[in-house]
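Breakdown of the fold
Listed below, chain by chain, are the residues.
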2 protein chains.
Amino acid sequence: MSVTLTEENYLKAIYHISQMTKTDVSTNAIAEKIDAKASSVTDMLKKLSDKGFITYIKYKGVNLTEKGRLTAVDIIRKHRLWEVFLVDKLNFSWDEVHDVAEQLEHIKSPKLIKELDAFLDFPTHDPHGDPIPDKDGQIKRTDKIILSKAEVGGTYKCVGVQDSSTDFLKYLDKHQIQIGTELTVKDIEDFDHSMTFTIHQHNMTMSKAITNNIYVKKLQ
Amino acid sequence: MSVTLTEENYLKAIYHISQMTKTDVSTNAIAEKIDAKASSVTDMLKKLSDKGFITYIKYKGVNLTEKGRLTAVDIIRKHRLWEVFLVDKLNFSWDEVHDVAEQLEHIKSPKLIKELDAFLDFPTHDPHGDPIPDKDGQIKRTDKIILSKAEVGGTYKCVGVQDSSTDFLKYLDKHQIQIGTELTVKDIEDFDHSMTFTIHQHNMTMSKAITNNIYVKKLQ
DNA sequence: TTTAATTTTTAGACAACTCTAAAAATATGT
DNA sequence: ACATATTTTTAGAGTTGTCTAAAAATTAAA
Ligand SMILES: [Mn+2]
Ligand SMILES: [Mn+2]
Ligand SMILES: [Mn+2]
Ligand SMILES: [Mn+2]
C-alpha cells in the first residue's frame, strides 16, 4: 500500500500544523496550508484515515498516528537533506532551495537518501537551521528561543528562521544575517517592541515582525 | 502550458522508439514501452498532438515535432546526468541507477540541472556509455558499432550497452566487463555466431544474445 | 438560550489517466 | 480479390484528486 505524492503533502502539512498548535488539526488549517478547498481536504482525510495515517473524527479534527508521523518525518528528512545538498554542493542560496526540495522530497529510494546523507557528511541541520530527523524519525530538539524574547545586554547566535519565504530570506541576506551570525541586544522599545542590535560591529534596528521570525541561542 | 509527468514519459518513449525504427511510431509500440493498453495510448496521442508535441494522423502513427524532440531530449539529458551523479558521487552501481533516474528526470528546475552538470564536470556520457545531450538538445553521435559485427583479429573497446536492464548489467559485472574494457576477437562460430574473446588476459565466449547488446569502438 | 456566524461535511461534477469491450481501419495470405 | 488476422480507434466506465454549492454540525454572540 504505497503513499501517493499528494498524500505525502497532506501528511507533511498536518505534521507542521500540529507542531505549531499542539491541538487537533482542523480541516481549514490544512486547506490553507495545502492551498485547497476544505471539501477537498475532507475527502483526503477519509483516505488517510482508511490507510491508518491519521485518526479522524468528523468535525473534531485529525491527529497523526505513529505510522503517519514517521511518514511525515521521513519526507521532512528528505526535504532538508536535499536542501543541504543544493546549498553545499550546487551553489544554491538558502532562499532558492525550498521549491526544488518540495519536488525532490518525493523521490522514492532508500539507498539514495542513505548515500546522500553520507555524501553530505551526515548534516544535522538544513540551511535554514531546522534539524534533520535521523533515519529512525528522531529529531534533535534545540534550545533555541525566538529573537523577540531576547534580553537587553545578551549576546545571541542566529540558529534558524521561523519564516523561510524567499522575501524574508532575501531581507536577511541584504542585512548580512545568516545562520551563525552573532548579535547583541542594545535596546528594546517599549512602544512597538522594535529591537536594536550590534551586528558585525554595526548597529541595526528590527521590527517585531522580523524578530518574531528569527531563532537564536544565547551565548554564555 | 506545462508538460505533465505522464506526457514526458510518452514523449521519451516515442523518442526512443523512433531512434530504433526510423519509421512512424506505432500505437502498439508505444503501448508496449509504456506498459499501457493501446486505447490509453490513443487518448494520450490526441493530447500530445493538440499540444504540438507530435504530428499524429489516425491509423498512421506519430512523429515528434521539433518542440516534442527538444522536450524528449531534455528529459533524457536530465536522466543521464542524474545517472552520472548516482554512480560518481553516491556509490550506485550502473545496474542500480535507472529506476531512480526515472524519477529524478522529472524534477523541474533549470538551475538544478545547470549546476548539477557543472558539479559533475560536464560529463559527455552516462554510466552505460550513452551520450548526454547538451543544453541545446545536441547529441554527439559516436562511431560505435554493435559487438556482434566485430571482426576476428580486431581489438575493441566497450563504449556502451544496448540493453541496460539490471539482469544484463549484472551479467557484465560478473564477467568484469564495463565501459572501457578492451577485448580482442579470437573466433566467431558460423553456426550460432557465438564469439570468443580475449578479455583481461582471459578467454571468454559470448552468445549472440550478449554481443548484440554491447557497443564497441575499434581501436587503431 | 436562542440566534447568528463559522466550520465542516456531503452531493454532484470535472479533469487527467487508465481500463475493457466492441467497432472500424489496415495489413496479410491464399 | 476476398477472407482473415492484426492494429487502431471509439464508447463507456473507474480512480484520484480537485472544485462549487448546499446542507449539517459546531461555535460564538446577543
Ligand atoms: Mn524547505
Ligand atoms: Mn529548510
Ligand atoms: Mn537509464
Ligand atoms: Mn543510462
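Our subject in this report is the structure included herewith.

Parameters at a glance
- Residues numbered from 1 in each chain as written.
- Chains lettered and ligands numbered in written order.
- Predicted model: local features only at pLDDT ≥ 70, side-chain atom pairs only at ≥ 80, totals over all residues.
- Heavy atoms only, no water.
- Near = heavy atom within 4 Å.
- Polar contact = N/O pair within 3.5 Å; in protein donor to acceptor, adjacent residues only side chain to side chain.
- Helix = DSSP H or I, 4+ residues; strand = E, 2+ residues; numbered from the N terminus.
- Nonpolar A, V, L, I, M, F, W, Y, C, P; charged D, E, K, R; others polar.
- Pairing = 2+ DSSP bridges.
- Contact = heavy atoms within 4.5 Å.
- Axes fitted to C-alpha atoms, helices over the stretch in contact; angles between N-to-C directions.
- Donors = N, O, S within 2.8 Å, 3.2 Å for Na, K, Ca; no water.
- Buried < 20%, exposed > 50% of the residue type's maximum accessible area, 1.4 Å probe, protein only.
- Salt bridge = Lys/Arg side-chain N within 4 Å of Asp/Glu carboxyl O.
- Parallel < 35°, antiparallel > 145°, perpendicular 65-115°, else oblique.
- Least-squares fit on C-alpha atoms with pLDDT ≥ 70 in both.

Around DNA strand C, the structure places 21 residues, and the nearest of them are Y56 and K58 of chain A together with T4, S40 and K47 of chain B. Backbone atoms, meaning sugar and phosphate, make up 74% of the atoms of DNA strand C lying within 4 Å of the protein. Within the side chain of K58 of chain A, one N or O atom sits 2.6 Å away from a phosphate oxygen of DNA strand C. At 3.0 Å, a backbone N or O of Y59 of chain A approaches a phosphate oxygen of DNA strand C. If you list the elements that add at least two residues to the surface near DNA strand C, you get α2 (27-34) and α3 (38-50) of chain A together with α1 (5-21) and α3 (38-50) of chain B. If you tally residues by element for the surface near DNA strand C, the top one is α3 of chain B, at 5 residues. A breakdown of the residues in the surface near DNA strand C according to their chemical character gives 7 nonpolar, 9 polar and 5 charged.

So, about the sheet that holds strand β4 (residues 155-161) of chain A. All names here are of chain A. Taken together, the 6 strands give an open sheet; going across it, the order is β3-β8-β4-β5-β6-β7, and neighbouring strands pair in antiparallel fashion. The two strands at the open ends of the sheet, each matched to only one other strand, are β3 (145-146) and β7 (202-206). Each of β4, β7 and β8 (214-218) is contacted by helix α7 (residues 166-174), which is oriented at about 145° to β4, the strand it contacts most.

This part takes up the coordination of the manganese ion (ligand 3). Residues and elements named next belong to chain B. Around the manganese ion (ligand 3), the protein contributes the donor atoms H79 (NE2), E83 (OE) and H98 (ND1), which lie 2.0 to 2.2 Å from the metal centre. Sequence spacing of the donor residues for the manganese ion (ligand 3), all on one chain, is H-x3-E-x14-H. Separation of the manganese ion (ligand 3) from the manganese ion (ligand 4) amounts to 3.5 Å, with E83 serving as a shared donor to the pair. Of the two residues, E83 is situated in helix α4 (residues 66-90) and H98 in helix α5 (residues 97-104); the sequence distance between them amounts to 15 residues. Using a relative accessible area of 1% as the deciding quantity, one classes E83 as buried.

This part takes up the protein's contact with DNA strand D. Neighbouring DNA strand D are 21 residues, the closest being T4, S40 and K47 of chain A together with Y56 and K58 of chain B. Backbone sugar and phosphate groups make up 77% of those atoms of DNA strand D lying within 4 Å of the protein. Between DNA strand D and D43 of chain A there is a distance of 3.4 Å, counted from a base oxygen to a side-chain nitrogen or oxygen. Within the contact set of DNA strand D, a phosphate oxygen lies 2.9 Å away from a side-chain nitrogen or oxygen of K46 of chain B. Broken down by secondary-structure element, the contributors of at least two residues to the surface near DNA strand D are α1 (5-21) and α3 of chain A together with α2 (27-34) and α3 of chain B.

When a metal holds four donors in a tetrahedron, each ideal angle between them is 109.5 degrees; when it holds six in an octahedron, the ideal angles are 90 or 180 degrees. All names here are of chain A. Protein-derived coordination of the manganese ion (ligand 1) comes from H79 (NE2), E83 (OE) and H98 (ND1), at a distance range of 2.0 to 2.1 Å. As a motif over one chain, the donors of the manganese ion (ligand 1) read H-x3-E-x14-H. Separating the manganese ion (ligand 1) from the manganese ion (ligand 2) is a gap of 3.5 Å, bridged by E83, which donates to each.

What follows covers the interface of chain B and chain A. Contacts between the two partners involve 20 residues from chain B and, on the opposite side, 20 residues from chain A. Viewed at the interface, chain A and chain B are joined by 2 salt bridges. A salt bridge links E96 of chain B to K111 of chain A, with the shortest nitrogen-to-oxygen separation between them at 3.5 Å. Linking chain B with chain A are 4 residue pairs in polar contact (both at pLDDT 80 or more), by the criterion used here. Only α4, α5 and α6 (110-119) of chain B provide two or more residues apiece to the side of chain B that touches chain A. When grouped by side-chain class, the residues that make up the side of chain B that touches chain A number 11 nonpolar, 4 polar and 5 charged.

Moving on to unusual backbone geometry. Residue and element names in this part refer to chain B. Positive phi values are uncommon outside glycine, yet N91 reaches one of about 60°. Of the residues examined, N91 reaches a relative accessible area of 55% and is grouped as exposed. Residues other than glycine seldom take positive phi values, yet Q176 does so here, at roughly 55°. Among the secondary structure elements, Q176 is positioned in the loop between α7 (166-174) and β5 (182-188).

It is worth spelling out the pattern of salt bridges at this point. Tallied over the full model, the rule gives 25 salt bridges over all chains. Linking R69 of chain A and E66 of chain A is a salt bridge whose minimum nitrogen-to-oxygen distance equals 3.5 Å. Remark: E66 of chain A and R69 of chain A occur in helix α4 (residues 66-88); sequence separation between them is 3 residues, near one turn of the helix. Taken together, the salt bridges that share partners define one network made up of K111, K114 and E115 of chain A together with E96 of chain B.

Before going further, it helps to examine the sheet that holds β5 of chain B. Residue and element names in this part refer to chain B. The sheet built from 6 strands is open, its strands ordered β3-β8-β4-β5-β6-β7 with antiparallel pairing. The open sheet has two edge strands, β3 (145-146) and β7 (202-206), and neither has a second partner. Alignment of strand β6 (residues 195-199) against β7, held across 5 bridges, turns out to be antiparallel. Bridge pairing links M195 to M206 in β7. In the packing of α7 onto the sheet, contacts are made with β4 (155-161), β7 and β8 (214-218), and the angle to β4 comes to roughly 145°.

All right, on to the packing of α2 of chain A against α3 of chain A then. All names here are of chain A. Axis separation between α2 and α3 bottoms out at 9 Å; the angle between their running directions is 105°. In terms of their interaxial angle, α2 and α3 are classed as roughly perpendicular. On α3, the residues touching T27, N28, I30 and A31 of α2 are A38, V41, T42 and L45. Taken together, the residues of the contact of α2 with α3 break down into 5 nonpolar, 3 polar and no charged.

Here we take up the relation of the copies chain B and chain A. It takes a turn of 180° to lay chain B on chain A, together with a shift of 0.0 Å along the axis; the resulting RMSD is 0.1 Å. Each copy turns onto its partner about a two-fold axis. When each C-alpha of chain B is compared by its distance to the rotation axis, L104 of chain B comes out closest, at 3.8 Å. A shared binding surface is used by both copies, with 100% of the interface residues of chain B retained as interface residues in chain A.

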